[in-house]
Every structure is written in structure tokens, then in C-alpha cells.
Amino acid sequence: MSRDLTIISAGSAARQLDPDCPDVYFTAGYGQATATVESGTWQLAHRDGRIMLPYVVRDVNGVDADATSPYGYAGVHVAPDCAPGELADFWARAIDHWRDTGMVSLFLRFSPLDVASVEAVRQLGVDLTRRPDTITVDVTSGPDQVWDRMEGRSRTAIRKARNCGLTAGVRPTVGTDLLADSPFRQLYEQTMVRLGSRPWYLFPDRYYHQLASGLDKALSVAEVRDACGAVVASALVMRHRDRAHYHLAGSDPVAARNGANNLILWTILEWAAENGCRWVHLGGGLTADDGLFRFKRSFGGARTPFWTGSVVVDPRRYEVLLADRAARLGRSVEDVRAAGFFPAYRTGNS
């Protein structure tokens, strides 16, 4: 077995690893799409595919850089039979490589479906933080059992949607599905604006282009149509082996009041159960146990823990950048550090 650390970027070598990735968030196609939003470069540090760590490198000041997990849930994947010594050696080599290439810090978003890997890296000195839980639905028992486990209010909303003439389905995306004037894009972006979401969530055209080309058949669109055939709710679904992820979604407010959001989630669960999936990850809320979280919980899923990790790769450069940031903000270093943002030298960035 090789003891080397391998760092790969976008290209054929990265794509060759995709089938062995534990989840879609580790794949080159998804990582490169996220990198377009971060204005960064996607890379994957790995050892024989047994340890995998995808990240997006971002420029800080033309000299220094930092990195973050691709938006979503990746972090570090550690094979179940990986010995602690092997992981420690990988980590030491990775830290040396990152420091040599000017990286100052690394922010990791771990997979709620891979708790064992979180526990494995706990011994490496990564500063772990428990975030609000997410919801994962086990669909292996089939659609009927999934339906029975849902809360009554969800089933009632789905029946209401059907009584209002709404119908739903899931299909592979085609070229026009992610264009700026597509039903999905319009519904999603209108929903984000209506909810007052941060501008970051209004993804640029290049993100959708890269997502479609990078995921190809692993990307599907779920749609709810009204009695006239117009799309009134839509969501993107990412599939990797036995996992499906509810990615981005939007709906017409009138249709939402008539149960369209319940119908679209149920349709995704039913589709996943009928197509060989084991898990459907719905994500979480905006804050712990908020209305969005309770809505997702009503579909009978289990709470799954979401952890993030903070790594200071180069402590000296980190402190220099932090002091510079504090001076620019007209605040003390201690005040900026106490704000709790990581990396602290990005505090106040839009």
C-alpha cells in the first residue's frame, strides 16, 4: 500500500476517483462547481482512496491562501479499516504540503452520514464544532413504510396538494433545466429573495453549467406542476450510489400553501426508495430546530449530527493576517477573534 500523499486537481485523474468517492460532495464534478462560486481551485488530498479530503483553495492576499470544504458535507473521509497511525501520517504530510504552498487555514464541513470519520479526525487536533442537526431519511424499507413513518400533517398536506390538482415527478436534468429563465432557476431565486437569503445563495450561471456537466446523470430535477401544467415547485437532487441529496429548491408561495413543498419532498423520497437508494439527506434548518428543520423532520427522518472543523495550518501567518484584519476594521485582535468567525481574518467579509 502506498504511503504517499496525493494531491490532484480537476482533470482525468480526479474523475477516475469519482466512482470510489463516499459521496457526491467528494467528486470532482461537484467540487469544481463549488469552486466557481468561491473563485477558487478545487483539489483533493487522498491516499489510495482510503483517506479523502476535498477542498477549495481561495486566495487571501496574493501571497497567502486558505481552503474550505466544497459547500455542503464532505470534510474528511477515513476508511473504516484505516489505522490511526496511517491517518496521522497522512495528516502530517498534508499539513506540510499546505504550509509549503502558502495555505494559512482550512475549514472543514463534515458529512452527517459519516460520523466515524469525524471521530477518527478528532485525534488529529482539529477544532471540532457541533452545528445544528440535519435530517436523513432511511428509504430502504420502501415507499409504503416511508409514508407510514411520516407525521400526519405531512400526509395531510400531500393529500391537499393532490386535491388541488398538483402532480409531481423526478427526472434527469436536461440542458435547459438550469438556464437563467428555467422554471427551477426562477422559482429558486425568487424564493431566496423572498426569504431574505444572503446573496451568496444566488448562484451564478457558471455554477449551474459546471454542476450539470460535472454530475451529468447524477443530477436530477424534481418538479410539481399545477392543473395547467405549469411548474410551481422545483428542486435539484444529487445522487451518488445509495445516497440522494436534496440540494436546492424553490416554490410559488400560493402553491406552497397548497402543499407543493410537501408533495415535492415526498416525491423525492418515493423516487429514491424505488431506485435503490438507502438514504435521502434533506439537510437542516437555518437555525437549530427552526421551522424549516421541523418541516423536514416531519417526513420521518432521523436527526444526524453536523460537525465543522477548523485547522490553523500556519499559526504565524494566521496571526499576522488577523492583526491586519483587525486594524482594517478598527477593532482589537481580541474582539475580532471573539466574534467566532473562522478564519478570523475573514471576519466582516461579505
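For the structure, see preceding data.
Cut-offs and rules
- Residues numbered from 1 in each chain as written.
- Predicted model: local features only at pLDDT ≥ 70, side-chain atom pairs only at ≥ 80, totals over all residues.
- Heavy atoms only, no water.
- Phe/Tyr/Trp six-rings, centres within 6.5 Å; stacked < 30°, edge-to-face > 60°.
- Helix = DSSP H or I, 4+ residues; strand = E, 2+ residues; numbered from the N terminus.
- Lys NZ or Arg CZ within 6 Å of the ring centre and 35° of its normal.
- Axes fitted to C-alpha atoms, helices over the stretch in contact; angles between N-to-C directions.
- Parallel < 35°, antiparallel > 145°, perpendicular 65-115°, else oblique.
- Contact = heavy atoms within 4.5 Å.
- Nonpolar A, V, L, I, M, F, W, Y, C, P; charged D, E, K, R; others polar.
- Buried < 20%, exposed > 50% of the residue type's maximum accessible area, 1.4 Å probe, protein only.
- Polar contact = N/O pair within 3.5 Å; in protein donor to acceptor, adjacent residues only side chain to side chain.
- Pairing = 2+ DSSP bridges.
- Salt bridge = Lys/Arg side-chain N within 4 Å of Asp/Glu carboxyl O.

*Asks:* Help me understand the packing of aromatic side chains, please; the structure alone is not making it clear to me.
*Replies:* In this description, a pair of aromatic rings is defined by centroid distance and the angle of the planes. Evaluation of the coordinates by the stated rule reveals 20 aromatic pairs. With a centroid separation of 4.9 Å and 55° between ring planes, the pair formed by Y71 and W200 is classed as tilted. Here the residue Y71 occupies a position in the loop between β4 (65–68) and β5 (77–78), and W200 occupies one in the loop between α7 (183–194) and α8 (205–215), the gap between them amounting to 129 residues. Through a chain of ring-to-ring contacts, three or more aromatic side chains come together here, namely Y71, F184, Y188, W200, Y201, F203, Y207 and Y208. R122 extends its terminal NZ or CZ atom over the ring of W307, reaching a point 4.9 Å from the ring centre.

*Asks:* I would appreciate a short explanation of the environment of V254 in the present structure.
*Replies:* Positionally, V254 belongs in helix α9 (residues 253–257). Between the C-alpha atom of V254 and that of V232, which follows or precedes it by 22 residues, the distance is 8.7 Å.

*Asks:* Even after reading the chapter, I still don't get the packing of helix α2 (residues 28–38) against α8, so can you show me in this structure?
*Replies:* A pair of packed helices is characterised by two quantities: the angle between their axes and the separation of those axes. Packing of α2 against α8 leaves a shortest axis separation of 8 Å and a crossing angle of 170°. Classified by the angle their axes make, α2 and α8 are roughly antiparallel. Where α2 approaches α8, its residues G29, Y30, Q32, A33, T34, T36 and V37 are matched on the opposing element by R206, Y207, Q210, L211, G214 and L215. Partitioning the contact of α2 with α8 into residue classes produces six nonpolar, six polar and one charged.

*Asks:* How should I be thinking about the side chain of D18 in this particular structure?
*Replies:* With respect to the helices and strands, D18 occurs in the loop between α1 (12–17) and α2. Since its relative accessible area comes to 14%, D18 is described here as buried. Within the structure, the side chain of D18 is placed 3.0 Å from the backbone nitrogen of A28, a separation counted as a polar contact. When near neighbours in sequence (up to four residues on either side) are disregarded, D18 contacts T27, A28, G29 and H240.

*Asks:* Quick question: what am I supposed to make of the pairing of strand β13 (residues 302–312) here?
*Replies:* In the case of a regular strand, side chains alternate between the two sheet surfaces. Along β13, eight of the 11 residues are buried, which leaves the element largely enclosed by surrounding structure. Pairing of strand β6 (residues 103–109) with β13 involves five bridges; the strand directions are antiparallel. Directly across from S105, in β13, lies its bridge partner V312. As paired strands, strand β7 (residues 127–138) and β13 are joined by eight bridges and run antiparallel to one another. Pairing of L128 across the sheet is with G309, part of β13.

*Asks:* Quick question: what am I supposed to make of the pattern of salt bridges here?
*Replies:* Note that side chains of opposite charge can pair when their charged atoms are close. Applying the stated criterion across every chain yields a total of 23 salt bridges. Notably, a salt bridge pairs R99 with D96, separated by 3.6 Å at the nearest N-O pair. Of this pair, R99 and D96 are both found in helix α3 (residues 84–100), three residues apart, which corresponds to roughly one turn of the helix. On the basis of relative accessibility, which here comes to 41%, the residue D96 falls in the partly exposed class. With a shortest N-O distance of 2.9 Å, R153 and E151 are connected by a salt bridge. Under the relative-accessibility criterion, R153 is labelled partly exposed at 49%. Counted as one network, the salt bridges with shared partners bring together E38, R58, D66 and R346.

*Asks:* It is not clear to me how unusual backbone geometry should be interpreted in this structure. Could you clarify?
*Replies:* Excluding glycine, residues mostly have negative phi values, and the peptide bonds linking residues are mostly trans. Here the residue pair F342 and P343 is connected by a cis peptide bond, since its omega of -5° sits within 30 degrees of zero. A positive phi is found at D48, a non-glycine position, where the angle reads about 55°. With respect to the helices and strands, D48 occurs in the loop between β2 (41–47) and β3 (51–59). We classify D48 as partly exposed; its relative accessible area is 39%. Unusually for a residue other than glycine, D289 sits at a positive phi of about 55°. Within the secondary structure, D289 is located in the loop between β12 (279–284) and α11 (291–297).

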